[in-house]
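Reading the structure
One-letter residues, chain by chain:
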Amino acid sequence: MKTNEEIVVINKKWSICALSALLFQLQSHSVNAEHLSGINKLVFHDHQYNKAFVGNGFLITHNDKVYAVTVKHALLEAKTPTMASVSIEEHVKNWTIHPNKQPDNAVRLGKLLNQDDTEKLDMQVLQKDWLVFEVESNQSDLKVLSLRNSPLKKGETLTAFGCSYANAERCSQDEYTGEFLKKDGANLRITMNDLQLSELRGLSGSPVLDESGKLVGIVSNVMRSESGDGFDFAPANLDYLKQVLATL
């Protein structure tokens, strides 16, 4: 695994594999509302690679069916030495999503629907940063989210819901709110103030919602601000997700 400094040099958008779960920090506080996301827990066939918390995930609905989603770059942090592509079947024994510190309140994931033996596990996965799973069983209270279909407008308030590694001991579900700037390739640009990158590791995979509670993106990345001063939060937008869902 490369150091954070090496990754910054490699990726001009300041993407960070384990750290690309970094988010805007205009407002952050614990909420006691229903769970909109949970943490990813992976059990491998080779148990030495097990991960109790590797980013967040959540549930969505499409054509009256429920799917589980998280970020593809989570596989850069949770993998075996022989995992070289977006293919997990031979490596991962069990993948669940559950609210932090509530392992029995869990969604058990089934087949990875956008598995691709030809897609290498490298920083390019950030351009299509969604994993889409069938749901094998759901014993959780996670809310099932619906996708927004209309374009975002500049200035809209967007909020992400999830837990970071730094807050894992006390987090039930934190929320982070910012203002939409524009769409930029596979990402959305959102303003951020006083960004504390080191405190927000692990937030990748959290849902980003509009003020009506519709899904608009997934926590994935950060980009240098176009002004050159600081960073913009850059969740993955829905384009690639919708491409995957259209094939189902």
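Rules behind the numbers
- Residues numbered from 1 in each chain as written.
- Predicted model: local features only at pLDDT ≥ 70, side-chain atom pairs only at ≥ 80, totals over all residues.
- Heavy atoms only, no water.
- Helix = DSSP H or I, 4+ residues; strand = E, 2+ residues; numbered from the N terminus.
- Core = buried A, V, L, I, M, F, W, Y, C linked by side-chain atoms within 4.5 Å.
- Buried < 20%, exposed > 50% of the residue type's maximum accessible area, 1.4 Å probe, protein only.
- Domains from an automatic or database assignment.
- Contact = heavy atoms within 4.5 Å.
- Salt bridge = Lys/Arg side-chain N within 4 Å of Asp/Glu carboxyl O.
- pLDDT = per-residue confidence, 0-100.
- Pairing = 2+ DSSP bridges.
- Disulfide = S-S within 2.5 Å.

Observations regarding unusual backbone geometry
Across the chain, the bulk of peptide bonds are trans and the bulk of non-glycine residues have phi less than zero. Even without a glycine there, the phi angle at Asn 63 is positive, about 50°. By the secondary structure assignment, Asn 63 is in the loop between strand S3 (56-62) and strand S4 (65-70).

With respect to the nonpolar core
Within the largest apolar cluster, 45 residues are counted, with the highest numbers of intra-cluster contacts made by Ile 60, Trp 95, Trp 130, Leu 215 and Leu 241. Tallying contributions element by element places helix H3 (residues 239-246) first for this core, with four residues. Counting residues domain by domain, this core receives three or more from each of domain 1 (38-144) and domain 2 (147-241). Non-local contacts of Leu 215, meaning those with residues more than four positions away in its chain, are made with Phe 58, Ile 60, Trp 130, Leu 145, Ser 146, Leu 147, Arg 148, Pro 207, Val 208, Leu 209, Leu 238 and Leu 241.

A word on the pattern of salt bridges
By the definition in use, this model includes 12 salt bridges. For Asp 232, the salt bridge is made with Arg 189, and the minimal N-O distance between the two is 2.7 Å. Within this pair, whereas Asp 232 is found in strand S16 (residues 231-236), its partner Arg 189 is found in strand S13 (residues 187-190), the two being separated by 43 residues in sequence. For the pair formed by Asp 232 and Arg 189, the shared burial category is buried. Several salt bridges converge on common partners, so that one network encompasses Lys 182, Asp 184, Arg 189, Glu 226 and Asp 232.

Some remarks on the confidence of the model for the protein chain
Averaged over all residues, the pLDDT of the protein chain is 87; the fraction at 70 or higher stands at 84%. Residue range residues 1-32 is modelled with pLDDT below 50. Its contacts to residues more than four positions away, or to other chains, number 102 contacts.

Quick look at the pairing of S16
On a regular strand, one side chain projects to one face of the sheet and the next to the other, so that they alternate. The buried fraction of S16 amounts to six of the six residues, a majority that puts the element mostly inside the structure. Alternating residues of S16 divide into Phe 231, Phe 233 and Pro 235 and Asp 232, Ala 234 and Ala 236, and every residue in both groups is buried. Strand direction decides the pairing type here: S13 and S16, joined by two bridges, are antiparallel. Along S16, the bridge assignment pairs Asn 187 with Ala 236. The turn joining strand S15 (residues 215-224) and S16, which pair antiparallel and follow one another in sequence, is formed by six residues; a positive phi near 85° is taken by Gly 228.

Overview of the state of the cysteines
Counted by the stated rule, this structure contains one disulfide. Linked covalently through their sulfurs, Cys 163 and Cys 171 form a disulfide whose S-S length is 2.1 Å. In this structure the cystine formed by Cys 163 and Cys 171 twists about its S-S bond by roughly -80°; its chirality is therefore left-handed. By relative accessible area, which is 3% here, Cys 163 ends up buried.

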